[in-house]
Number of protein chains: 2
Amino acid sequence: MTDSPSQRRSACPVSVSLELLGDRWTLLVLRDLIFLRKRHFRDFLESPERIATNILSSRLRNLEQAAIVTRRPDPDNARQVIYELTAKGLDLIPLLLELILWGSRYEPGTQAPPELVKRAREDRDGLIAELRAAFLAGGDG
Amino acid sequence: MTDSPSQRRSACPVSVSLELLGDRWTLLVLRDLIFLRKRHFRDFLESPERIATNILSSRLRNLEQAAIVTRRPDPDNARQVIYELTAKGLDLIPLLLELILWGSRYEPGTQAPPELVKRAREDRDGLIAELRAAFLAGGDG
DNA sequence: TTTATTGCTTGCAAATTGCAAGTTGTCACT
DNA sequence: AGTGACAACTTGCAATTTGCAAGCAATAAA
(Lines give C-alpha, C1' and ligand atoms only; values in the text may rest on other atoms or scores of the structure.)
Protein backbone atom coordinates (compact mmCIF):
# COMPACT_ATOMS: atom_id res chain seq x y z
CA MET A 1 0.00 0.00 0.00
CA THR A 2 3.04 2.25 0.17
CA ASP A 3 3.28 2.45 -3.58
CA SER A 4 0.46 4.21 -5.39
CA PRO A 5 -0.40 3.93 -9.07
CA SER A 6 0.93 7.40 -9.95
CA GLN A 7 -0.73 8.81 -13.05
CA ARG A 8 1.27 9.16 -16.23
CA ARG A 9 3.21 12.31 -17.00
CA SER A 10 2.80 11.86 -20.74
CA ALA A 11 2.13 9.22 -23.39
CA CYS A 12 5.78 9.03 -24.41
CA PRO A 13 7.06 5.46 -24.10
CA VAL A 14 10.33 6.72 -22.64
CA SER A 15 8.48 8.58 -19.93
CA VAL A 16 6.08 5.73 -19.19
CA SER A 17 8.90 3.20 -19.04
CA LEU A 18 10.90 5.42 -16.72
CA GLU A 19 8.00 5.75 -14.33
CA LEU A 20 8.44 2.04 -13.72
CA LEU A 21 12.11 1.37 -14.38
CA GLY A 22 13.60 4.77 -13.65
CA ASP A 23 15.24 4.41 -10.29
CA ARG A 24 18.52 3.13 -8.94
CA TRP A 25 17.30 -0.34 -7.97
CA THR A 26 14.68 -1.77 -10.33
CA LEU A 27 16.99 -2.61 -13.23
CA LEU A 28 19.50 -4.03 -10.78
CA VAL A 29 16.89 -6.53 -9.65
CA LEU A 30 16.28 -7.37 -13.30
CA ARG A 31 20.01 -7.81 -13.84
CA ASP A 32 20.00 -10.39 -11.06
CA LEU A 33 17.00 -12.17 -12.54
CA ILE A 34 18.35 -12.24 -16.08
CA PHE A 35 22.10 -12.68 -15.77
CA LEU A 36 22.57 -14.19 -12.34
CA ARG A 37 19.48 -16.37 -12.40
CA LYS A 38 18.35 -15.29 -8.95
CA ARG A 39 14.92 -16.41 -7.84
CA HIS A 40 14.60 -15.95 -4.10
CA PHE A 41 14.22 -12.80 -2.02
CA ARG A 42 17.35 -13.59 -0.06
CA ASP A 43 19.44 -13.97 -3.23
CA PHE A 44 18.82 -10.37 -4.27
CA LEU A 45 19.90 -9.17 -0.84
CA GLU A 46 23.30 -10.75 -1.36
CA SER A 47 24.24 -8.69 -4.41
CA PRO A 48 27.13 -6.32 -3.76
CA GLU A 49 24.96 -3.21 -4.03
CA ARG A 50 23.24 -4.21 -0.78
CA ILE A 51 19.63 -3.39 -1.44
CA ALA A 52 17.55 -2.97 1.72
CA THR A 53 14.73 -5.39 2.42
CA ASN A 54 12.01 -2.75 2.28
CA ILE A 55 13.24 -1.41 -1.05
CA LEU A 56 13.53 -4.89 -2.52
CA SER A 57 10.07 -5.77 -1.31
CA SER A 58 8.68 -2.60 -2.84
CA ARG A 59 10.45 -3.11 -6.18
CA LEU A 60 9.39 -6.73 -6.51
CA ARG A 61 5.82 -5.70 -5.80
CA ASN A 62 6.00 -3.01 -8.50
CA LEU A 63 7.49 -5.46 -10.98
CA GLU A 64 4.80 -7.98 -10.21
CA GLN A 65 2.07 -5.37 -10.65
CA ALA A 66 3.63 -4.44 -13.98
CA ALA A 67 3.60 -8.12 -15.02
CA ILE A 68 7.36 -8.19 -15.43
CA VAL A 69 7.84 -10.84 -12.77
CA THR A 70 5.60 -13.47 -11.26
CA ARG A 71 5.59 -14.65 -7.69
CA ARG A 72 4.84 -18.16 -6.49
CA PRO A 73 5.65 -20.33 -3.50
CA ASP A 74 8.52 -22.74 -3.93
CA PRO A 75 6.99 -26.22 -4.15
CA ASP A 76 10.04 -27.70 -2.39
CA ASN A 77 10.10 -25.28 0.52
CA ALA A 78 7.04 -23.37 1.64
CA ARG A 79 9.16 -20.72 3.32
CA GLN A 80 10.59 -19.64 0.01
CA VAL A 81 9.03 -17.59 -2.74
CA ILE A 82 10.13 -17.90 -6.34
CA TYR A 83 10.31 -14.80 -8.49
CA GLU A 84 10.38 -15.37 -12.23
CA LEU A 85 10.45 -13.26 -15.35
CA THR A 86 7.49 -13.06 -17.68
CA ALA A 87 7.78 -12.59 -21.46
CA LYS A 88 7.53 -8.86 -20.82
CA GLY A 89 10.44 -9.11 -18.42
CA LEU A 90 12.54 -11.21 -20.79
CA ASP A 91 12.07 -8.52 -23.39
CA LEU A 92 14.09 -6.19 -21.19
CA ILE A 93 17.23 -8.19 -21.98
CA PRO A 94 18.19 -5.91 -24.91
CA LEU A 95 17.85 -2.84 -22.68
CA LEU A 96 20.07 -4.39 -20.02
CA LEU A 97 22.62 -5.35 -22.65
CA GLU A 98 22.82 -1.77 -23.89
CA LEU A 99 23.29 -0.58 -20.34
CA ILE A 100 26.13 -3.07 -19.87
CA LEU A 101 27.78 -2.13 -23.17
CA TRP A 102 27.57 1.59 -22.52
CA GLY A 103 28.68 1.34 -18.92
CA SER A 104 31.60 -0.94 -19.59
CA ARG A 105 32.69 1.22 -22.49
CA TYR A 106 32.55 4.59 -20.80
CA GLU A 107 32.72 4.08 -17.08
CA PRO A 108 36.28 3.20 -16.11
CA GLY A 109 36.61 0.67 -13.37
CA THR A 110 33.46 -1.22 -14.22
CA GLN A 111 33.86 -4.94 -14.50
CA ALA A 112 31.57 -6.90 -16.74
CA PRO A 113 32.50 -10.44 -17.77
CA PRO A 114 34.61 -9.73 -20.88
CA GLU A 115 33.16 -12.65 -22.83
CA LEU A 116 29.66 -11.29 -22.19
CA VAL A 117 30.64 -7.88 -23.54
CA LYS A 118 32.34 -9.42 -26.54
CA ARG A 119 29.37 -11.60 -27.29
CA ALA A 120 26.97 -8.67 -26.87
CA ARG A 121 28.94 -6.72 -29.44
CA GLU A 122 29.52 -9.45 -31.97
CA ASP A 123 26.47 -11.66 -31.67
CA ARG A 124 23.79 -9.63 -29.97
CA ASP A 125 20.81 -11.58 -31.26
CA GLY A 126 22.43 -14.90 -30.52
CA LEU A 127 23.21 -13.83 -26.98
CA ILE A 128 19.67 -12.62 -26.41
CA ALA A 129 18.29 -15.91 -27.71
CA GLU A 130 20.66 -17.83 -25.49
CA LEU A 131 19.76 -15.86 -22.36
CA ARG A 132 16.08 -16.41 -23.05
CA ALA A 133 16.59 -20.10 -23.65
CA ALA A 134 18.68 -20.48 -20.51
CA PHE A 135 15.99 -18.83 -18.45
CA LEU A 136 13.19 -20.90 -19.91
CA ALA A 137 15.20 -24.10 -19.54
CA GLY A 138 16.37 -23.55 -15.99
CA GLY A 139 13.07 -22.16 -14.88
CA ASP A 140 10.96 -25.29 -14.60
CA GLY A 141 7.36 -24.95 -13.50
CA MET B 1 26.74 21.85 -4.60
CA THR B 2 23.53 19.96 -4.04
CA ASP B 3 24.79 16.95 -5.91
CA SER B 4 27.68 15.05 -4.42
CA PRO B 5 29.92 12.53 -6.17
CA SER B 6 28.38 9.50 -4.37
CA GLN B 7 30.76 6.57 -4.18
CA ARG B 8 30.05 3.48 -6.23
CA ARG B 9 27.97 0.67 -4.88
CA SER B 10 29.82 -1.93 -6.96
CA ALA B 11 31.92 -2.30 -10.11
CA CYS B 12 29.00 -3.68 -12.12
CA PRO B 13 28.40 -1.57 -15.23
CA VAL B 14 24.65 -1.79 -14.71
CA SER B 15 24.99 -0.43 -11.21
CA VAL B 16 27.43 2.30 -12.18
CA SER B 17 25.30 3.38 -15.13
CA LEU B 18 22.20 3.48 -12.96
CA GLU B 19 23.89 5.72 -10.43
CA LEU B 20 23.98 8.32 -13.17
CA LEU B 21 21.00 7.48 -15.39
CA GLY B 22 18.74 5.76 -12.90
CA ASP B 23 16.07 8.28 -12.09
CA ARG B 24 12.83 9.51 -13.63
CA TRP B 25 14.27 12.54 -15.41
CA THR B 26 17.78 12.04 -16.76
CA LEU B 27 16.90 9.82 -19.71
CA LEU B 28 14.00 12.10 -20.51
CA VAL B 29 16.44 14.97 -20.95
CA LEU B 30 18.49 12.74 -23.20
CA ARG B 31 15.38 11.86 -25.20
CA ASP B 32 14.86 15.57 -25.82
CA LEU B 33 18.48 16.04 -26.85
CA ILE B 34 18.56 13.05 -29.18
CA PHE B 35 15.13 12.85 -30.75
CA LEU B 36 13.72 16.33 -30.39
CA ARG B 37 16.97 18.19 -30.98
CA LYS B 38 16.52 20.43 -27.97
CA ARG B 39 19.44 22.62 -27.02
CA HIS B 40 18.27 25.34 -24.63
CA PHE B 41 17.25 25.15 -21.00
CA ARG B 42 13.83 26.58 -21.78
CA ASP B 43 13.17 23.93 -24.43
CA PHE B 44 13.44 21.10 -21.93
CA LEU B 45 10.97 22.85 -19.65
CA GLU B 46 8.35 22.74 -22.38
CA SER B 47 8.24 18.95 -22.67
CA PRO B 48 4.91 17.50 -21.56
CA GLU B 49 6.38 15.86 -18.46
CA ARG B 50 6.93 19.31 -16.96
CA ILE B 51 10.32 19.01 -15.33
CA ALA B 52 10.98 21.59 -12.63
CA THR B 53 13.77 24.12 -13.15
CA ASN B 54 15.79 22.97 -10.16
CA ILE B 55 15.63 19.33 -11.24
CA LEU B 56 16.57 20.20 -14.82
CA SER B 57 19.44 22.31 -13.62
CA SER B 58 20.67 19.51 -11.42
CA ARG B 59 20.37 16.87 -14.15
CA LEU B 60 22.15 18.96 -16.76
CA ARG B 61 24.94 19.58 -14.28
CA ASN B 62 25.26 15.84 -13.61
CA LEU B 63 25.28 15.08 -17.32
CA GLU B 64 27.92 17.68 -17.92
CA GLN B 65 30.06 16.32 -15.10
CA ALA B 66 29.71 12.86 -16.62
CA ALA B 67 30.80 14.23 -20.00
CA ILE B 68 27.55 13.24 -21.65
CA VAL B 69 26.65 16.80 -22.56
CA THR B 70 28.64 19.97 -23.02
CA ARG B 71 27.54 23.46 -22.12
CA ARG B 72 28.48 26.63 -23.99
CA PRO B 73 27.06 30.10 -24.49
CA ASP B 74 25.04 30.65 -27.65
CA PRO B 75 27.22 32.78 -29.94
CA ASP B 76 24.11 34.49 -31.32
CA ASN B 77 22.55 35.36 -27.98
CA ALA B 78 24.57 35.63 -24.81
CA ARG B 79 21.50 35.03 -22.67
CA GLN B 80 21.16 31.53 -23.98
CA VAL B 81 23.16 28.43 -23.21
CA ILE B 82 23.54 25.59 -25.66
CA TYR B 83 23.58 22.03 -24.40
CA GLU B 84 25.00 19.44 -26.76
CA LEU B 85 25.68 15.73 -26.71
CA THR B 86 29.19 14.35 -26.63
CA ALA B 87 30.23 11.07 -28.27
CA LYS B 88 29.52 9.40 -24.95
CA GLY B 89 26.04 10.89 -25.01
CA LEU B 90 25.39 9.87 -28.61
CA ASP B 91 26.26 6.32 -27.64
CA LEU B 92 23.17 6.29 -25.46
CA ILE B 93 20.99 6.24 -28.58
CA PRO B 94 20.75 2.43 -28.61
CA LEU B 95 19.66 2.41 -24.98
CA LEU B 96 16.95 4.99 -25.66
CA LEU B 97 15.77 3.02 -28.68
CA GLU B 98 15.38 -0.11 -26.58
CA LEU B 99 13.41 1.86 -24.02
CA ILE B 100 11.12 3.15 -26.77
CA LEU B 101 10.67 -0.29 -28.31
CA TRP B 102 9.90 -1.95 -25.01
CA GLY B 103 7.61 0.81 -23.79
CA SER B 104 5.65 1.07 -26.99
CA ARG B 105 5.30 -2.68 -27.17
CA TYR B 106 4.17 -3.35 -23.62
CA GLU B 107 2.72 -0.17 -22.20
CA PRO B 108 -0.68 0.43 -23.72
CA GLY B 109 -1.52 4.03 -24.45
CA THR B 110 2.03 5.07 -25.19
CA GLN B 111 2.48 6.98 -28.40
CA ALA B 112 5.77 6.84 -30.22
CA PRO B 113 6.00 7.95 -33.84
CA PRO B 114 5.07 4.69 -35.63
CA GLU B 115 7.67 5.18 -38.35
CA LEU B 116 10.35 5.54 -35.69
CA VAL B 117 9.31 2.28 -34.06
CA LYS B 118 9.16 0.53 -37.41
CA ARG B 119 12.56 1.82 -38.38
CA ALA B 120 14.03 0.85 -35.00
CA ARG B 121 12.79 -2.70 -35.49
CA GLU B 122 13.72 -3.15 -39.12
CA ASP B 123 16.81 -1.03 -39.57
CA ARG B 124 18.23 -0.38 -36.16
CA ASP B 125 21.79 0.32 -37.21
CA GLY B 126 20.69 2.58 -40.05
CA LEU B 127 18.46 4.55 -37.71
CA ILE B 128 21.25 4.96 -35.18
CA ALA B 129 23.61 6.16 -37.89
CA GLU B 130 21.00 8.60 -39.13
CA LEU B 131 20.28 10.03 -35.70
CA ARG B 132 24.00 10.52 -35.13
CA ALA B 133 24.46 12.16 -38.50
CA ALA B 134 21.47 14.43 -37.98
CA PHE B 135 22.84 15.57 -34.66
CA LEU B 136 26.32 16.20 -35.99
CA ALA B 137 24.98 18.03 -39.05
CA GLY B 138 22.46 20.22 -37.25
CA GLY B 139 24.79 20.88 -34.39
CA ASP B 140 27.28 23.29 -35.94
CA GLY B 141 30.20 24.40 -33.82
C1' DT C 1 10.37 -28.07 21.55
C1' DT C 2 13.73 -24.88 21.11
C1' DT C 3 16.42 -22.65 17.29
C1' DA C 4 17.27 -20.96 12.63
C1' DT C 5 15.70 -19.43 8.24
C1' DT C 6 12.86 -16.83 4.97
C1' DG C 7 10.28 -13.16 3.50
C1' DC C 8 8.69 -9.77 4.69
C1' DT C 9 6.72 -5.02 7.68
C1' DT C 10 7.43 -1.04 10.72
C1' DG C 11 9.80 3.20 12.70
C1' DC C 12 12.31 6.84 11.96
C1' DA C 13 16.15 9.95 10.39
C1' DA C 14 18.21 11.60 6.24
C1' DA C 15 18.11 12.64 1.55
C1' DT C 16 15.61 13.80 -2.61
C1' DT C 17 11.73 15.79 -5.14
C1' DG C 18 8.66 19.24 -6.61
C1' DC C 19 6.37 23.57 -6.46
C1' DA C 20 6.70 28.55 -6.08
C1' DA C 21 9.21 32.51 -5.74
C1' DG C 22 13.30 35.15 -6.20
C1' DT C 23 17.91 36.54 -8.52
C1' DT C 24 21.29 37.68 -12.14
C1' DG C 25 22.73 38.85 -16.55
C1' DT C 26 21.54 39.95 -21.12
C1' DC C 27 18.86 41.96 -24.89
C1' DA C 28 15.02 45.09 -27.00
C1' DC C 29 12.80 49.38 -27.21
C1' DT C 30 12.35 54.15 -26.41
C1' DA D 1 20.07 56.10 -20.15
C1' DG D 2 15.89 53.81 -18.46
C1' DT D 3 12.28 50.35 -18.53
C1' DG D 4 10.61 45.99 -19.37
C1' DA D 5 11.02 41.30 -20.87
C1' DC D 6 13.51 37.01 -21.10
C1' DA D 7 16.72 33.16 -20.22
C1' DA D 8 18.96 30.51 -17.00
C1' DC D 9 19.30 29.63 -13.14
C1' DT D 10 19.10 29.50 -7.28
C1' DT D 11 16.64 29.34 -2.91
C1' DG D 12 13.02 27.97 0.58
C1' DC D 13 10.24 24.77 2.12
C1' DA D 14 6.70 21.03 2.34
C1' DA D 15 6.00 16.41 0.84
C1' DT D 16 7.67 12.21 -0.67
C1' DT D 17 11.14 8.61 -0.95
C1' DT D 18 15.23 6.27 0.72
C1' DG D 19 17.95 3.59 3.73
C1' DC D 20 19.22 1.62 8.03
C1' DA D 21 17.83 -1.11 11.97
C1' DA D 22 14.70 -3.70 14.29
C1' DG D 23 10.75 -6.62 14.69
C1' DC D 24 7.57 -10.36 13.27
C1' DA D 25 4.97 -14.46 11.43
C1' DA D 26 5.37 -18.76 9.16
C1' DT D 27 7.88 -22.65 8.16
C1' DA D 28 11.61 -26.09 8.79
C1' DA D 29 15.48 -28.28 11.06
C1' DA D 30 17.71 -30.18 15.24
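Provided above is the structure to which this section pertains.
Residues numbered from 1 in each chain as written. Chains lettered and ligands numbered in written order. Predicted model: local features only at pLDDT ≥ 70, side-chain atom pairs only at ≥ 80, totals over all residues.

(A) Structural view of the overall build of chain A. The secondary structure content of chain A amounts to 8 helices and 2 strands. The secondary structure elements of chain A, listed N-terminal to C-terminal, are α-α-α-α-β-β-α-α-α-α. Taking 2.2 N^0.38 as the reference for a compact globule, 141 residues should give roughly 14 Å; the C-alpha atoms of chain A span a radius of gyration of 16 Å, in line with that estimate. Each of the three principal axes of chain A carries a C-alpha extent, and together these read 45 × 45 × 30 Å. (Helix = DSSP H or I, 4+ residues; strand = E, 2+ residues; numbered from the N terminus. Rg over C-alpha atoms; globule rule 2.2 N^0.38 Å.)

(B) Inspection of the relation of the copies chain A and chain B at higher detail. Its rotation angle being 180°, the transformation that places chain A on chain B also includes 0.0 Å of axial translation and leaves an RMSD of 0.0 Å. Viewed as a symmetry operation, the transformation between the two copies matches a two-fold axis. Relative to the rotation axis, the closest C-alpha in chain A is found at Asp23 of chain A, a distance of 2.2 Å. When you check the interface residues of chain A against chain B, 100% turn up at the interface there too, and the contact is symmetric in its surfaces. (Least-squares fit on C-alpha atoms with pLDDT ≥ 70 in both. Contact = placed C-beta atoms within 7 Å.)

(C) Structural view of the protein's contact with DNA strand C. Taken together, 19 residues sit near DNA strand C, with His40, Phe41, Arg42 and Gln80 of chain A together with Ala78 of chain B positioned nearest. Listed by contribution, the elements that provide at least two residues to the surface near DNA strand C are α3 (41-45), α4 (53-65) and β2 (77-85) of chain A together with α4 (53-65) and β2 (77-85) of chain B. Its residues placed into classes, the surface near DNA strand C shows 5 nonpolar, 8 polar and 6 charged. (Near = placed C-beta within 6 Å. Nonpolar A, V, L, I, M, F, W, Y, C, P; charged D, E, K, R; others polar.)

(D) The interface of chain A and chain B, seen in detail. At the interface, 37 residues of chain A touch 37 residues of chain B. Put simply, the parts of the chain that give the side of chain A that touches chain B at least two residues each are α1 (13-21), α2 (26-35) and α6 (93-106) of chain A. Counting residues per element, the side of chain A that touches chain B draws most heavily on α6 of chain A, at 10 residues. Its residues placed into classes, the side of chain A that touches chain B shows 18 nonpolar, 9 polar and 10 charged.

(E) View of the environment of Leu85 of chain A. All names here are of chain A. For Leu85, the position within the fold is in strand β2. Given 22 C-beta atoms within a 10 Å radius, Leu85 is considered buried. Through-space distance from the C-alpha of Leu85 to that of Glu64 is 9.3 Å; in sequence the pair is 21 residues apart. Every residue in contact with Leu85, bar those within four places of it in the chain, is listed here: Leu33, Ile34, Val69, Leu90 and Phe135. (Buried ≥ 20, exposed ≤ 12 C-beta atoms within 10 Å, placed from the backbone.)

(F) View of the protein's contact with DNA strand D. Lining the immediate environment of DNA strand D, one finds 20 residues, of which Ala78 of chain A together with His40, Phe41, Arg42 and Asn54 of chain B sit closest. The set of elements that each furnish at least two residues to the surface near DNA strand D consists of α4 and β2 of chain A together with α3 (41-45), α4 and β2 of chain B. When the residues that make up the surface near DNA strand D are grouped by side-chain class, the tally is 6 nonpolar, 8 polar and 6 charged.

(G) Representation of the packing of α6 of chain A against helix α1 (residues 13-21) of chain B. One way to put it is that α6 of chain A packs onto α1 of chain B with a least axis distance of 8 Å and a crossing angle of 85°. Comparing their axes, α1 of chain B and α6 of chain A come out roughly perpendicular. Contacts between α6 of chain A and α1 of chain B involve Leu96, Leu99, Ile100, Trp102, Gly103 and Ser104 of chain A from the first element and Pro13, Val14, Val16 and Ser17 of chain B from the second. Partitioned by chemical class, the residues of the contact of α6 of chain A with α1 of chain B number 7 nonpolar, 3 polar and no charged. (Axes fitted to C-alpha atoms, helices over the stretch in contact; angles between N-to-C directions. Parallel < 35°, antiparallel > 145°, perpendicular 65-115°, else oblique.)

(H) Fine view of the environment of Arg132 of chain B. Within the secondary structure, Arg132 of chain B is located in helix α8 (residues 124-139). For the pair Arg132 of chain B and Ala87 of chain B, spaced 45 residues apart in the sequence, the C-alpha separation amounts to 9.3 Å.

(I) Region of interest: unusual backbone geometry. For Arg37 of chain A, which is not glycine, the phi dihedral falls at a positive 55°. In this fold, Arg37 of chain A is placed in the loop between α2 and α3. Since 13 C-beta atoms lie within 10 Å of it, Arg37 of chain A is described here as partly exposed. With a phi angle near 65°, Ala67 of chain B is a residue other than glycine that sits in the positive phi range. Here Ala67 of chain B is to be found in the loop between α4 and β1 (69-74).

(J) View of the pairing of β2 of chain B. All names here are of chain B. Alignment of β1 against β2, held across 6 bridges, turns out to be antiparallel. Bridge pairing in β2 places Arg72 opposite Ile82. From the end of β1 to the start of β2, which pair antiparallel, there are 2 residues. (Pairing = 2+ DSSP bridges.)

(K) Here's a closer look at the nonpolar core. In terms of nonpolar packing, the biggest core is built from 64 residues, with Leu96 of chain A together with Leu96 of chain B touching the most fellow members. When residues no more than four places from it in sequence are discounted, the contact partners of Leu96 of chain B are Val14 of chain A together with Leu27, Leu30, Arg31 and Ile34 of chain B. (Core = buried A, V, L, I, M, F, W, Y, C linked by C-beta atoms within 7 Å.)

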